[in-house]
2 protein chains.
Amino acid sequence: MSVSRRKVLGAAGIGAAGVAAISVGALALSDDSAEAAPSVTQPVAFHGEHQAGIVTPAPDRLHFASFDVITKNRADLVDMLKAWTKAARRMTAGQDAGPLGAVAGPGAAPPDDTGEAIGLPAAGLTLTIGFGATLFRTAEGTDRFGLADKKPAGLADLPHFPRDDIDAAISGGDICVQACSYDPQVAVHAIRNLVRIGFGVVTVRWSQLGYGRTSSTSTAQATPRNMLGFKDGTRNMKAEDGPKVLKEQLWVQPGDGPDWMTGGSYLVTRKIRNHIEIWDRTSLDEQEQIIGRHKGTGAPIGEAKEFDEPKLGEKKIADDAHIRLAHPSTHGGAHLLRRGYNFVDGSDGLGRLNAGLFFMAYQRDAHKQFVPIQRMLAQKDPLNEYIKHTSSGLFAIPAGVRDDNDYWGSALFG
Amino acid sequence: MSVSRRKVLGAAGIGAAGVAAISVGALALSDDSAEAAPSVTQPVAFHGEHQAGIVTPAPDRLHFASFDVITKNRADLVDMLKAWTKAARRMTAGQDAGPLGAVAGPGAAPPDDTGEAIGLPAAGLTLTIGFGATLFRTAEGTDRFGLADKKPAGLADLPHFPRDDIDAAISGGDICVQACSYDPQVAVHAIRNLVRIGFGVVTVRWSQLGYGRTSSTSTAQATPRNMLGFKDGTRNMKAEDGPKVLKEQLWVQPGDGPDWMTGGSYLVTRKIRNHIEIWDRTSLDEQEQIIGRHKGTGAPIGEAKEFDEPKLGEKKIADDAHIRLAHPSTHGGAHLLRRGYNFVDGSDGLGRLNAGLFFMAYQRDAHKQFVPIQRMLAQKDPLNEYIKHTSSGLFAIPAGVRDDNDYWGSALFG
Ligand code: HEM
Ligand code: HEM
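Now for a description of the structure that goes with this document. Fair warning: this is a prediction, and the values are worked out from it, not measured in the lab. (Residues numbered from 1 in each chain as written. Chains lettered and ligands numbered in written order. Predicted model: local features only at pLDDT ≥ 70, side-chain atom pairs only at ≥ 80, totals over all residues. Heavy atoms only, no water.)

### Here we look at the pairing of strand β3 (residues 175-181) of chain B
All names here are of chain B. Across the 7 residues of β3, 7 count as buried, placing the element largely inside the fold. Neither face of β3 is open: one carries Ile175, Val177, Ala179 and Ser181, the other Cys176, Gln178 and Cys180, and all of them are buried. For strand β1 (residues 61-69) and β3, the ladder comprises 7 bridges, and the chain directions are antiparallel. For Phe64, the partnering residue across the bridge sits in β3 and is Gln178. (Buried < 20%, exposed > 50% of the residue type's maximum accessible area, 1.4 Å probe, protein only. Helix = DSSP H or I, 4+ residues; strand = E, 2+ residues; numbered from the N terminus. Pairing = 2+ DSSP bridges.)

Below, the structure written as structure tokens:
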């Protein structure tokens, strides 16, 4: 017996959606850059017009790390970015971080790979780099690396939102790297080797593990569920939305800001704690009203199937339902490519699991997309009783690395 | 290209072990109770002479939770254990936690499942319960539930070991539940639903997520690697060691202590932080000397293949090598069934990843097995420069749940 017997019944009374795909199952899909479909073991192309890890299908494990730059020397930073790029190119291909590998020796020098991924395949590993506002000018105003002139307007600080409870120690950062893979050992190995290579130049400011991606980025992926038990990603921006939508909503276009960001995107990260014990004591009906969708099928309230259009003109969907407040029509068409992951960070010392959503969203301009949506949610979303935003990040994600001679940040530093 | 190109070279110069099994790969194995081989999607039998999750093959995701009992009422506690057992029986079979399921409604009562595992298969889920010393008598000496007489000698507190840096807040607990699965969403869902059912009776004292099990519990599993990059589990006690060894070393025998523990085992948990940044700067040679094995092949120093016997009589393996200090011959034959998991809990605020090994070991008598081994390691193991024990737990693991009428703890409370 290899399929689930968990019941999937729509609240509308319709037996539904026998989605039996285990989250680790192989997924056949195509991405925006028409690359070959990755499987759970295969590599994802590192070079390209855009960085991988954005519209490429999200595998179900995440290790996200934010770094502080501790050197004052621009050349050292650039050298590290070059070394990182080489290692990232190798690791995303399923190779050791360095050419000698984990077990070259014996000798006095440490191996150039830490070894815990020996024998493991690429497992869909993507590594995606981003630059935070403090890289350009510190909070105190210092232009450490002569980059202040190149800071894009899009990196202006996010405003404070009502109810924000942001912990600075797990927010922001000069550089971020998102590692996604089907195997957590592979994602963790990648970040750890970047940390090793970056010794003396960067330190880890904060890092976050996640699993079971909460938003599908491709129509070929079954929509996964978040910690509220709801399908998350039904109306996400997807690779299949096509180049027109992605141009308009996802990729920074010429003229949007400094040239070095063209072809890039902006990433917003928000660690959102879910008060799951409280949520778990509310009725199904209340939960469904809050989201505006049925829990079983994922269909909009009043509809039968997950991908049916929500009838926002009708009263069935509450005025303050999450999907109404967040809907593009409420924000002049603004949309997000959400790519968040569930997290559980142990418990909180008060008898509760410390769990929730590590929200990540890519977009062309966070101040025109994430900000208005989140402002409305922070004011009106009844979900606020069950969640708390505890960390925040905004990163400029440059365009892709073109070839073997190119490196992460070349357009910015070059 | 679906296999790894990561180099696997023995330091002895021998091209080796093309282990290309992704840690999420299907594993064909048989366990001690001769059950059908579980795959990554299939269920593991819940009923049996012993609890599942001990000699059954360890899948690669863990959610471990320790609970404090907050009720003073014995009947409430027993009722909860009965309700937990019912839910565990269902969830390990790939069903919702309760008969109504996640999407029965609408109605005023919350659903009897939280929903995030809808559509997911059992994914090898095992749930294993254990009882801590404080359940029998609190640290202050109170016998809350009339159990003090039944406390086995085997639950006597572990001694303090040299270099221990134990945080009481993430140690001990009245009850523990180990959830293992091939899918973290399934393991987390199971613990979360037990938390929900236990509301008012227990609270979460601490919980730990882990991945990529560090020790194989079956010869059919490829030996996984820990955060030091070494294979971990090569000489682990395994299901295939056969009933004689398991009787002698793993399962509590009649006469060992109170009857209710017969057929059970003792679990030691130790959260062991690895100072990976320091480790990553030591040479391969030094790393191999410390462990006593080659990093690539996993072979004992001087040997060619992983499962070759270590020649402890010869000088090649250092006097204080980890595998010599921990070897059964050093401890009158005492062995452990290790079943630990790697963890990464973000970073530590000092620029370092907070990562390491969540060590778990099952055994017939922790005071005769874990304690002498750990005492020697704590005194002599050069690994101590790179590790720190930060949490500790000892739990009495009762025998298996026999049938539909039996429940977790029946022998203790019945
Ligand atoms: C823990 C916090 C959150 C949870 C549990 C949550 C959950 C959900 C769910 C279940 C859906 C419906 C399925 C779908 O279309 O994906 C949804 C939709 C959506 N959410 Fe959230 N969400 C959270 C926070 C946020 C935040 C912070 C934002 C952005 C500021 C956001 C933006 C959206 C958008 C844009 C949609 C799609 C709306 C549509 O076009 O129908 N969500 N969310
Ligand atoms: C972070 C801490 C630790 C690490 C990284 C580690 C790593 C290893 C490695 C790489 C091996 C060799 C492969 C194998 O046979 O499994 C090993 C063996 C072993 N370890 Fe550990 N270990 C750690 C802590 C402990 C502790 C706390 C104990 C028990 C007190 C322990 C008991 C053993 C035993 C019994 C063996 C098998 C020895 C033999 O029969 O050859 N280890 N360990």
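Read on, since the account is not over.
### Points about the coordination of the iron atom of ligand 2
Among protein residues, the single donor to the iron atom of ligand 2 is His322(B) (NE2), with a metal-donor distance of 2.1 Å. With respect to the helices, strands and loops of the structure, His322(B) is situated in helix α7 (residues 322-325). (Donors = N, O, S within 2.8 Å, 3.2 Å for Na, K, Ca; no water.)

### A look at the interface of chain A and chain B
Contacts between chain A and chain B engage 89 residues on the former and 89 residues on the latter. In total, chain A and chain B occlude about 7,300 Å² of area from one another, counting both sides; carbon and sulfur atoms represent 57% of this. Our enumeration of links across chain A and chain B arrives at 2 salt bridges. A salt bridge links Asp280(B) to Arg192(A); the shortest N-O distance between them is 2.9 Å. At the surface where chain A touches chain B, the tally comes to 14 residue pairs in polar contact (both at pLDDT 80 or more). When residues of the side of chain A that touches chain B are traced back to their parent elements, those giving at least two are β1 (61-69), α3 (184-197), β4 (202-211), α5 (276-279), α6 (284-291) and β7 (341-347) of chain A. Looking at the side of chain A that touches chain B, the element that brings in the most residues is α3(A), giving 8 residues. Class assignment for the residues of the side of chain A that touches chain B results in 44 nonpolar, 28 polar and 17 charged. (Contact = heavy atoms within 4.5 Å. Buried area = accessible area lost by both parts, 1.4 Å probe. Salt bridge = Lys/Arg side-chain N within 4 Å of Asp/Glu carboxyl O. Polar contact = N/O pair within 3.5 Å; in protein donor to acceptor, adjacent residues only side chain to side chain. Nonpolar A, V, L, I, M, F, W, Y, C, P; charged D, E, K, R; others polar.)

### Re the nonpolar core
The biggest cluster of nonpolar side chains holds 86 residues, and the ones touching the most others in it are Leu77(B), Leu81(B), Trp84(B), Leu135(B) and Ile175(B). No other element matches the 8 residues that helix α1 (residues 74-92) of chain B contributes to this core. Each residue touching Leu135(B), except ones within four places of it in the same chain, is listed here: Val69(B), Leu77(B), Arg144(B), Phe145(B), Leu147(B), Asp174(B), Ile175(B), Leu412(B) and Phe413(B). Membership of the second largest hydrophobic core comes to 85 residues, among which are Leu120(A), Leu194(A), Tyr266(A) and Val268(A). (Core = buried A, V, L, I, M, F, W, Y, C linked by side-chain atoms within 4.5 Å.)

### Describing the packing of aromatic side chains
For the coordinates displayed, the defined rule picks out 28 aromatic pairs over all chains. Among the aromatic residues, those joined into a ring-pair cluster are Phe46(A), Phe67(A), Trp84(A) and Trp408(A). The ring centre of Phe343(A) lies 4.8 Å from the NZ or CZ of Lys271(A), which sits over that ring. The aromatic ring of Phe199(B) is capped on one face by Arg281(A), whose charged end is 3.7 Å from the ring centroid. (Phe/Tyr/Trp six-rings, centres within 6.5 Å; stacked < 30°, edge-to-face > 60°. Lys NZ or Arg CZ within 6 Å of the ring centre and 35° of its normal.)

### As for the site of ligand 2
All names here are of chain B. Surveying the vicinity of ligand 2 reveals 28 residues, the closest of which are Gly233, Thr234, Arg235, His322 and Arg338. His322 is positioned such that a nitrogen or oxygen atom in its side chain is 2.8 Å from a nitrogen atom of ligand 2. Between ligand 2 and Arg338, the relevant distance is 2.9 Å, taken from an oxygen atom to a side-chain nitrogen or oxygen of the residue. Broken down by secondary-structure element, the contributors of at least two residues to the shell around ligand 2 are β5 (265-274), α7, β8 (353-363), α8 (370-380) and β9 (387-397). Of all the elements, α8 adds the most residues to the shell around ligand 2, at 4 residues. Residue classes in the shell around ligand 2 are distributed as 15 nonpolar, 8 polar and 5 charged. (Near = heavy atom within 4 Å.)

### Thoughts on the site of ligand 1
Residue and element names in this part refer to chain A. Not every one of the 28 residues close to ligand 1 is listed here, only the nearest: Gly233, Thr234, Arg235, His322 and Arg338. The side chain of Arg235 places a nitrogen or oxygen atom 2.8 Å from an oxygen atom of ligand 1. Between ligand 1 and Arg338, the relevant distance is 2.9 Å, taken from an oxygen atom to a side-chain nitrogen or oxygen of the residue. At 4 residues, helix α8 (residues 370-380) tops the list of elements feeding residues into the shell around ligand 1.

### A look at the packing of α1(B) against helix α3 (residues 184-197) of chain B
All names here are of chain B. Contact geometry for α1 and α3: axes closest at 10 Å, N-to-C directions at 155°. It follows from the interaxial angle that α1 and α3 lie roughly antiparallel. Every pair of crossing elements has a handedness; the one defined by α1 and α3 is right-handed. Within the contact between the two elements, α1 uses Met80, Ala83, Trp84, Ala87 and Met91 and α3 uses His189, Ala190, Asn193, Leu194 and Ile197. (Axes fitted to C-alpha atoms, helices over the stretch in contact; angles between N-to-C directions. Parallel < 35°, antiparallel > 145°, perpendicular 65-115°, else oblique. Left-handed = near helix turned anticlockwise from the far one by under 90°.)

### Section: α3(B)
Here α3(B) is 14 residues long and its end C-alpha atoms lie 20 Å apart, about the 20 Å a rise of 1.5 Å per residue gives. In terms of residue burial, α3(B) counts as a mostly covered element, since 13 of its 14 residues are buried. (Expected span 1.5 Å × (residues − 1).)

### A look at the relation of the copies chain A and chain B
For the pair chain A and chain B, the best superposition has an RMSD of 0.0 Å and corresponds to a rotation of 180° with a translation of 0.0 Å parallel to the axis. The transformation relating the two chain copies, once decomposed into turn and shift, fits a two-fold axis. (Least-squares fit on C-alpha atoms with pLDDT ≥ 70 in both.)

### Digging into α6(A)
Residues and elements named next belong to chain A. Of all the positions in α6, only Leu284, Gln287, Glu288, Ile290 and Ile291 are classed as buried. Around the axis of α6, the buried residues are gathered within 160° of arc, so they sit on the same side. On its buried face, α6 is in contact with α5 and α7 (322-325). Among the residues trailing α6, Gly292 stands out with phi positive, at a value near 95°. (Arc of directions from axis to C-beta.)

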